[in-house]
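Okay, here's what each chain looks like letter by letter:
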Amino acid sequence: MSLEYQKHINAMTLEEKTSLLSGANFWNTKSIEHLSIPSIMLTDGPHGLRKQAGAADHLGLGASVAATCFPTAAALANSWDEQLIERVGQAIGAEAAANDVAVLLGPGLNIVRDPLAGRAFEYFSEDPYVAGKLAAAMVRGIQQNGVAATPKHFAVNSQEHMRMSIDEVVDERTMREIYLEGFRRVVKESDPKLIMTSYNKVNGAYANEHAHLLKDILTKEWGYSNALVTDWGGNHDRIAGLLAGSTLEMPSTNGITDNEILQAVKAGTLDEAIVDEQVNRLLQLVFKTSEIVDGAPPANLDAHHELAVDAALSSIVLLKNDANILPIIKAAKIAVIGDFAQTPRYQGAGSSLVNPTQLVSALTAFSHSDAIELTGFEPGFKRGGGKSTQLTKKAVTIAQQAEFAIVFLGLDEAKESEGIDRKTMQLPANQLSLLKEVCAVNDKVIVVLAAGGAIEMPFADDVAAIVHGSLSGQGVGKAVVDIITGRRNPSGKLAVSYPLVYSDTPTAKYFPGKELTAEHREGLYVGYRYYETAGVPVRYPFGHGLSYTTFTYSNLLVNPTGATFTITNTGNMVGAEIAQVYIHPPKTDIFRPVRELKGFIKVSLFPGESRQVTVNFDEHSFAHYNEVTHGWVVEPGEYTIEVSASVQDIRLQTKVSVATPTVASAYDKTVLAAYYSGQVKDVSDTAFEALLGRPLPPALWDRKAKLTYDDTISQLRYKGLSGRFIYGSLRFAQRALFALKKPNLANNVVFILNLPFSKLPRFSGGKISEKRVKRFLRIK
């Protein structure tokens, strides 16, 4: 079969072909000048362009060019607005093209399995339908400019701890229904030009060389035919990766893996046709992006800033509003308290760190507002933690003198970052202590939160209102003030559940996987699927969000193709409502969550306005993945269709009958009783092995075994005085850098600790040789 770029391939030497399959440096592909094959640039961009102007690194150490910092994925997801997110993607793509960037490394759409996951702020949701629909919108927007989007990280990237080597152990059904379904939607609905594989293993095989994931599912089943790229340093076995379908290795290895491919072809262990196919996929990416990027016009950064503000406004969630204390629409005396009001926390740390084009704090925005009288500001607490009686006293004093006390709380920059998982769901103790004292002197306390993931809120019953700003980009300061003062009606709703305490989560005993494996014992019961099925109360449920107006739902009509209903704005303010459609399946021999989201729609309405809307079902709305038939099947029976304002606020419901043949189940109800009840917080080895269909792999390192080439630097802690010294020195450096408030530098140390020895020669471009590493390991 002739390839699209067969003439180019025929004109290349074998050395030239193999050379194209790895980077020229940290961010660029190689060029071949005599064949007019240009080099293209790939760079970070989940919520804004991060093009480094100087020295390159992956975790955000080097300075980058100024670019619009939009809300992170976790914040944007709270908008539930596909059109808005497509516009954001288009703006990011335009800035990329204007800066000669051909490939944006984003969006991220892995599932937020656990609230403490370090990159929860970079991912859309705990629900695969939401993640897939919103990521597809982002991809479509980015690619409108001809720039390639790169959905990531494929697949089952659920934790940062030991991410370079951890084995995500998950049953096939859970993998299909929860962890792959969002990627399937992105492939089908947006045709991404590139997909990034993840660092981790999945059921024993590295994702980048996982033939079942990359060939059987992604390529053959879903029909994906474009290129795949490793995460930076994510290659493990280059030949195995090529055989599975991996195209481009990044960054450069200074020719080390190029030579591995070359020698494998010469030895006859790798068919040159496989190399040709991947070169063809790379050339498709190079030629189809470089044509657009060359000569792209400058981006309109002022317009993009306004879009960033609008995106923040749509992403903010009003969690609580007792007695309609908000909005503050009359001239009122307010005290603003909290360091985050003056120095915004608007994005996470790591490779997604954007250098914003402009940034206005909420404090500045309040000072320019006509709706309020700012009587004073106090930081109230030390941002990095630690008690300060003086700071607290000053904050309490201004709170006593004001009608409203607006308290800005949140997680600092070191708490949420690529490379590390959070240790706790709690806010720092000094912030909670301050808030308690403020509440003692003022009964109109409004809390504004800055955090990319769920946090515990023991104060929720003690304050009048809670505004969740999340990590909403460079426009969040103005947006928060516009929401509080009623210039804009809040419309965001949570795309993740907020449990009461961390111990309530289904993964509390399993997360993170410590050394060798991360066991997904909870199975399908991620997020609201668990809380709803097991009957566990939460602080704020999935899909929750308040408005300054009210909405009613009526006239539900349902058939197997969709649900039609009417939404009416019954209040006195323009507002947008996010209606959610859940399906409650019949009881059968198959265990399933009590309800699952299968559609949503966002509608903006004037006061008194009604609109009839339709949410369509698709081929997976009623289906589950059957491990006997290895395919998606629909069981016969009566399904309850629920139209809701949140997963717990069901407004309309009816039943629809689905007639299909019954399919056999391989489940043993006795052994898998936990999965039928949803009580999955403490699943036994026997039950999890039955779900997996195989024995559990070892979860911990063998402390007595000699280190191998595929072990990690972290394992030096168990290997003699010199090993413990090296490990201890790195951990000391990490803690010192965090203390110096340099989280990105600290996380680079974590990156090193998690690195397998096998990656040292490649990641160093040969400066650390394979022979040297193996000699060191023999000594240990």
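Since this is a predicted model, take the numbers as computed values, not measurements.

Draft legend 1. Structural context of the overall build of the protein. The number of helices and strands found in the protein is 23 helices and 28 strands. Here the C-alpha atoms of the protein give a radius of gyration of 26 Å, agreeing with the 28 Å that 2.2 N^0.38 yields for 780 residues. Along the first, second and third principal axes, the C-alpha set of the protein runs to 80 × 65 × 60 Å. Within the protein, the fraction of its 780 residues that count as buried is 64%.

Draft legend 2. How the structure looks around the packing of aromatic side chains. For the structure on display, the rule yields 24 aromatic pairs. A ring pair is formed by F591 and Y676, whose centres lie 5.4 Å apart and whose planes are at 75°; its orientation type is edge-to-face. Of this pair, F591 sits in the loop between strand 22 (575-584) and strand 23 (596-605) while Y676 sits in helix 18 (residues 673-677), and the two are 85 residues apart along the sequence. With a relative accessible area of 3%, F591 lands in the buried category. Both rings, one in F617 and one in F622, keep their centres 5.3 Å apart while their planes meet at 80°; by these two values the pair is edge-to-face. F622 gets classed as buried once you look at its relative accessible area, which sits at 7%. By way of ring pairs, the aromatic residues W80, Y129, Y528, F542, Y582 and F600 are connected into one cluster. K444 extends its terminal NZ or CZ atom over the ring of F404, reaching a point 5.3 Å from the ring centre.

Draft legend 3. The arrangement of the packing of helix 4 (residues 82-98) against helix 11 (residues 301-315) in detail. At a minimum axis separation of 10 Å, helix 4 and helix 11 run at an interaxial angle of 150°. In terms of axis orientation, helix 4 runs roughly antiparallel to helix 11. Where helix 4 crosses over helix 11, the two elements pack in a sense that is left-handed. Counted together, L84, R87, V88, A91, A94 and E95 of helix 4 and L301, H304, L307, D310, A311 and S314 of helix 11 form the full contact between these two elements. Across the contact of helix 4 with helix 11, the residue classes tally to 7 nonpolar, 2 polar and 3 charged.

Draft legend 4. Quick peek at the pairing of strand 15 (residues 445-450). Among the 6 residues of strand 15, 6 are classified as buried, and the element is accordingly described as predominantly covered. Residues V445, V447 and L449 point to one face of strand 15 and I446, V448 and A450 to the other, with burial holding for every one of them. Relative to strand 15, strand 14 (residues 404-410) is paired through 6 bridges, and the arrangement is parallel. Paired with G410 across the strands is A450, a residue of strand 15. Between the parallel elements strand 14 and strand 15, the chain passes through helix 15 (residues 429-441) in a crossover that is right-handed. Relative to strand 16 (residues 465-468), strand 15 is paired through 4 bridges, and the arrangement is parallel. Note on strand 16: the bridge partner recorded for V447 is I466.

Draft legend 5. Summary view of the environment of S769. Within the secondary structure layout, S769 lies in the loop between helix 22 (760-763) and helix 23 (770-779). Overall, S769 belongs to the partly exposed group, its relative accessible area being 30%. Residues S769 and I256, 513 residues apart in the sequence, show an inter-C-alpha distance of 9.9 Å. Among the polar contacts listed, one links the side chain of S769 to the backbone nitrogen of R772, at a separation of 3.0 Å.

Draft legend 6. How the structure looks around helix 7 (residues 211-221). Residues of helix 7 that are buried include every one of L213, L214, I217 and L218, and no others. Here the buried residues of helix 7 occupy an arc of 125° about the axis, which is enough to place them on one side. Of the surrounding secondary structure, the elements contacted by the buried residues of helix 7 are helix 6 (172-190), strand 6 (194-196), strand 7 (201-202), strand 9 (227-229) and helix 8 (238-244).

Draft legend 7. Broad picture of a positive patch on the surface. A cluster of like positive charges, contributed by K771, R772, R775 and R778, occupies part of the molecular surface. Inspection of the secondary structure puts R778 in helix 23. On the basis of relative accessible area, R778 is assigned to the exposed category, the value being 64%.

Draft legend 8. A look at the side chain of R185. Along the chain, R185 falls in helix 6. Not counting the four nearest positions on each side in its chain, R185 is found in contact with Y129, G132, K133, A136, S190 and D618.

Draft legend 9. Up close: the environment of F26. Following the sequence through the fold, F26 ends up in the loop between helix 2 (14-19) and strand 1 (42-44). Judged by relative accessible area, F26 falls into the buried class, the value being 18%.

Draft legend 10. Region of interest: the sheet that holds strand 28 (residues 649-658). Read from one edge to the other, the open sheet built from 4 strands follows the order 23-22-27-28, with strand pairing classed as antiparallel. The strands lining the two open edges of the sheet, one partner per strand, are strand 23 and strand 28. Taking each pair of neighbouring strands and ignoring which way they run, the sheet shows an average axis angle of 20°. Bridge count for strand 27 (residues 637-646) against strand 28 is 9 bridges, and the pairing is antiparallel. The partner of S644 across the bridge, within strand 28, is I650.

Draft legend 11. The arrangement of the sheet that holds strand 21 (residues 562-569) in detail. Pairing is antiparallel across the open sheet formed by 3 strands, whose spatial order is 20-21-24. Only two strands of the sheet have a single partner each, and these edge strands are strand 20 (551-559) and strand 24 (610-616). Here the average twist between neighbouring strands, direction ignored, is 20°.

Draft legend 12. Region of the structure containing the side chain of H210. Its place among the elements puts H210 in the loop between strand 8 (205-206) and helix 7. Given a relative accessible area of 10%, H210 falls into the buried group.

Draft legend 13. Structural context of the environment of G348. Mapped onto the elements, G348 comes out in the loop between helix 12 (339-342) and strand 12 (355-356). The class for G348 is buried, based on a relative accessible area of 2%. Contact partners of G348, with chain neighbours within four places excluded, come to T72, F121, L353, E416 and L471.

Draft legend 14. Structural detail: the pattern of salt bridges. Applying the stated rule across the entire model yields 48 salt bridges. The residue R184 makes a salt bridge to E619 at a minimum N-O spacing of 3.0 Å. Highlighted residues: R184 in helix 6 and E619 in the loop between strand 24 and strand 25 (623-626), separated in sequence by 435 residues. Residue classification places R184 among the buried residues on the basis of a relative accessible area of 7%. By relative accessible area, E619 is classed as exposed at 53%. D589 is the partner of K669 in a salt bridge, and the nearest nitrogen-oxygen pair spans 3.2 Å. You can see K669 sitting in the loop between strand 28 and helix 18 and its partner D589 sitting in the loop between strand 22 and strand 23, a full 80 residues away along the chain.

Draft legend 15. The arrangement of helix 4 in detail. Between the first and last C-alpha of helix 4 there are 24 Å, a value that for 17 residues agrees with the 24 Å anticipated at 1.5 Å per step. For helix 4, the complete set of buried residues consists of L84, I85, V88, G89, A91, I92, G93, A94, E95, A96 and A97. Looking at the packing, one finds that the buried side of helix 4 touches strand 2 (66-67), helix 3 (73-77), strand 3 (103-105), helix 5 (128-143), helix 10 (272-293) and helix 11. Two or three places before Q83, at the opening of helix 4, D81 has a side-chain oxygen 3.2 Å from that residue's backbone nitrogen. D100 occupies a position one or two residues after helix 4 and carries a positive phi of about 60°.

Rules behind the numbers
- Here the residue index of a chain counts from 1 through its sequence in written order.
- For a predicted model such as this one, the threshold for reporting local features is a pLDDT of at least 70, and the threshold for listing and counting side-chain atom pairs is 80 or more; totals across whole chains, interfaces and linings nevertheless cover every residue.
- As a convention, hydrogens and water are excluded, and side-chain values are obtained from all of the structure's heavy atoms.
- Comment: elements are numbered from the N terminus, with helices defined as DSSP H or I runs of at least four residues and strands as E runs of at least two.
- The globule rule used here is 2.2 Å times the number of residues to the 0.38 power, and the radius of gyration it is set against is calculated over C-alpha atoms.
- Any residue under 20% of the maximum accessible area for its type is buried, any over 50% is exposed, and the rest in between are partly exposed; the area is computed with a 1.4 Å probe on protein chains only.
- In this analysis, rings of Phe, Tyr and Trp, with Trp reduced to its six-membered ring, are considered paired at centre separations within 6.5 Å, and the interplanar angle assigns stacked below 30 degrees, edge-to-face beyond 60, and tilted for intermediate values.
- Charge over a ring is defined by NZ of Lys or CZ of Arg lying within 6 Å of the ring centre and within 35 degrees of the ring normal.
- Interaxial angles span 0 to 180 degrees and are taken between N-to-C directions of axes, which are lines fitted to C-alpha atoms, for helices over the stretch in contact.
- Here the angle decides the label: under 35 degrees means roughly parallel, over 145 means roughly antiparallel, 65 to 115 means roughly perpendicular, and every other value means oblique.
- In a left-handed crossing the near helix is turned counterclockwise from the far helix by less than a right angle, and in a right-handed crossing that turn is clockwise.
- The contact criterion used throughout is that any non-hydrogen atoms of two residues lie within 4.5 Å.
- For this classification, the nonpolar set comprises Ala, Val, Leu, Ile, Met, Phe, Trp, Tyr, Cys and Pro, the charged set comprises Asp, Glu, Lys and Arg, and every other residue, Gly included, is treated as polar.
- Two strands are said to pair when DSSP picks up at least two bridges between them.
- Seen with its strands pointing away from the viewer, a crossover is right-handed if its path from the first strand over the helix to the second goes clockwise.
- Two N or O atoms count as a polar contact when they lie within 3.5 Å, although within protein this holds only if one can serve as hydrogen donor and the other as acceptor, and sequence-adjacent residues are included solely when both atoms are side-chain atoms.
- Read the arc as the range of directions from the helix axis to the C-beta atoms.
- Here, patches come from residues exposed beyond 30% relative accessible area and free of salt bridges, joined within 9 Å for like charges and within 5 Å for nonpolar side chains (Val, Leu, Ile, Met, Phe, Trp, Tyr).
- Each accessible area is a Shrake-Rupley estimate made with a 1.4 Å probe; only the visible protein chains count as cover when residues are assessed.
- Any carboxyl oxygen of Asp or Glu within 4 Å of a side-chain nitrogen of Lys or Arg constitutes a salt bridge here.
- Just so you know, the count uses Lys and Arg for positive and Asp and Glu for negative, and it drops His and the chain ends.
- Working definition for charges: the position is that of NZ of Lys, CZ of Arg, CG of Asp or CD of Glu.
- Expected span of a helix, by definition, is 1.5 Å for each gap between consecutive residues, and there is one gap fewer than residues.

Any functional reading would require information that these geometric values do not contain.
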